[in-house]
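Here is how the chains run, residue by residue.
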Amino acid sequence: MMSMLDRMRHATLAVPDTRSGHPHQARILCQTAGDGTLTALLAGIATHSQALARDPRAGLLVEQTEEKGDPMTWPRLSLQVTARLLPANADIRDRWLQRHPRSRLFIDLPDFRFWSLTPQRGLLNAGFGAAFRLTDQDLRGDDAKTPPCPSGSSGRLGIRNWIRLRPDDPCAHRRRYY
């Protein structure tokens with residue numbers, strides 16, 4: 001079973017607007033790279049790209065939508081990330097086009113560049129009554145004090161373990177939000 005991040009095709013990026021300082025949100029194309037790194041393809045002319053060039057701190061909201069039910073009970077992950085411009089990379093480009101084939105129209109334009117979005121901390125709302133604060137250790141998956149939660153994914157981001165949490169999961173006690 002693929003995790004929420006593995007299935008992600010887009011997310012909402014929040015940055016401070018470069019002119020007003022108020023929050024600016026944009027829906028962006030986003031996916032995981034082969035090593036599990038969160039990757040976005042952004043146009044340099046966009047407000048969010050200009051903001052990241054000035055200050056790499058941002059918020060990223062990833063949502064899992066369902067066909068039925070109450071959207072307030074659907075899993076969502078709110079991350080504080082640090083963005084970094086990536087050098088040109090054929091592997092990232094090829095993987096991107098497999099997931100987003102319509103990007104062929106603009107991927108090679110000089111204004112478009114890949115960015116990595118490295119999670120620093122976050123909040124996972126895995127459904128009603130299941131919300132968890134995530135630390136940088138949780139996100140890296142290197143918490144030596146607590147054994148890792150079960151996962152079918154071997155990606156670098158430890159967050160993949162958390163996406164599958166259920167209230168009856170043996171790891172559900174870790175950093176419960178409420």
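Residues numbered from 1 in each chain as written. Predicted model: local features only at pLDDT ≥ 70, side-chain atom pairs only at ≥ 80, totals over all residues. Heavy atoms only, no water.

S.K.: Please explain the nonpolar core as it appears in this structure.
M.R.: What tends to happen in soluble globular proteins is that the nonpolar side chains get buried as a cluster. In terms of nonpolar packing, the biggest core is built from 29 residues, with Ile28, Leu52, Leu60, Val62, Leu77 and Leu117 touching the most fellow members. Top element by residues in this core is strand 5 (residues 76-85). It accounts for four residues. Within the second largest apolar cluster, seven residues are counted, among which are Leu41, Leu86, Ile92 and Phe114. (Core = buried A, V, L, I, M, F, W, Y, C linked by side-chain atoms within 4.5 Å. Buried < 20%, exposed > 50% of the residue type's maximum accessible area, 1.4 Å probe, protein only. Helix = DSSP H or I, 4+ residues; strand = E, 2+ residues; numbered from the N terminus.)

S.K.: In this structure, what is going on with the packing of aromatic side chains? I would like to understand it.
M.R.: Each aromatic ring pair is described using two quantities: the centre-to-centre distance and the angle formed by the ring planes. Throughout the structure, instances matching the rule amount to two aromatic pairs. With centroids separated by 5.4 Å and ring planes inclined at 70 degrees, the aromatic side chains of Trp96 and Phe114 adopt a geometry described as edge-to-face. Highlighted residues: Trp96 in helix 3 (residues 90-99) and Phe114 in strand 6 (residues 112-125), separated in sequence by 18 residues. Residue Phe114 is classed as buried on the basis of its relative accessible area of 10%. (Phe/Tyr/Trp six-rings, centres within 6.5 Å; stacked < 30°, edge-to-face > 60°.)

S.K.: What's the story with the side chain of Ser49 in this structure? I'm lost.
M.R.: With respect to the element layout, Ser49 can be found in helix 2 (residues 47-54). Residue classification places Ser49 among the buried positions, given a relative accessible area of 5%. Beyond its immediate stretch of four places on either side in the chain, Ser49 contacts Leu42, Ala43, Gly44 and Trp115. (Contact = heavy atoms within 4.5 Å.)

S.K.: Just to check I follow, could you spell out helix 2 for this structure?
M.R.: Each α-helix winds once per 3.6 residues, and so residues spaced three or four apart point in a common direction. Along helix 2, the residues that are buried comprise His48, Ser49, Ala51 and Leu52. Down the axis of helix 2, the buried side of the element spans an arc of 160 degrees, and every buried residue falls inside it. Projecting away from the buried face of helix 2 at angles above 90 degrees are the exposed residues Ala53 and Arg54. (Arc of directions from axis to C-beta.)

S.K.: Would you explain helix 3 in this entry?
M.R.: Among the residues of helix 3, those classed as buried are Ile92, Trp96 and Leu97. End-on view of helix 3: buried residues confined to an arc of 130 degrees, all on one side of the axis. Along helix 3, exposed side chains directed more than 90 degrees from the buried face belong to Ala90, Asp91 and Gln98. Elements in contact with the buried residues of helix 3: strand 2 (23-32), strand 3 (38-43) and strand 6. Where helix 3 begins, the capping side chain belongs to Asn89, and its oxygen is found 2.8 Å from the backbone nitrogen of Asp91. (Polar contact = N/O pair within 3.5 Å; in protein donor to acceptor, adjacent residues only side chain to side chain.)

S.K.: What am I meant to see in the pairing of strand 3 here?
M.R.: Look at any regular strand and the pattern is simple: side chains alternate between the two faces of the sheet. For strand 3, the buried fraction is high: six of the six residues fall into the buried class. Here strand 2 pairs with strand 3 via three bridges, running antiparallel. Residue Thr32 lies in a different strand from strand 3, and its bridge partner there is Leu38. Here six bridges tie strand 3 to strand 6, and the two strands are oriented antiparallel to one another. Pairing of Leu38 across the sheet is with Leu117, part of strand 6. (Pairing = 2+ DSSP bridges.)

S.K.: How should I be thinking about the environment of Leu117 in this particular structure?
M.R.: By the secondary structure assignment, Leu117 is in strand 6. Taking the C-alpha atoms as reference points, Leu117 and Arg84, separated by 33 residues in sequence, lie 6.6 Å from one another. Beyond its immediate chain neighbours, meaning those up to four positions away, Leu117 contacts Ile28, Cys30, Leu38, Ala40, Leu60, Val81, Thr82 and Ala83.

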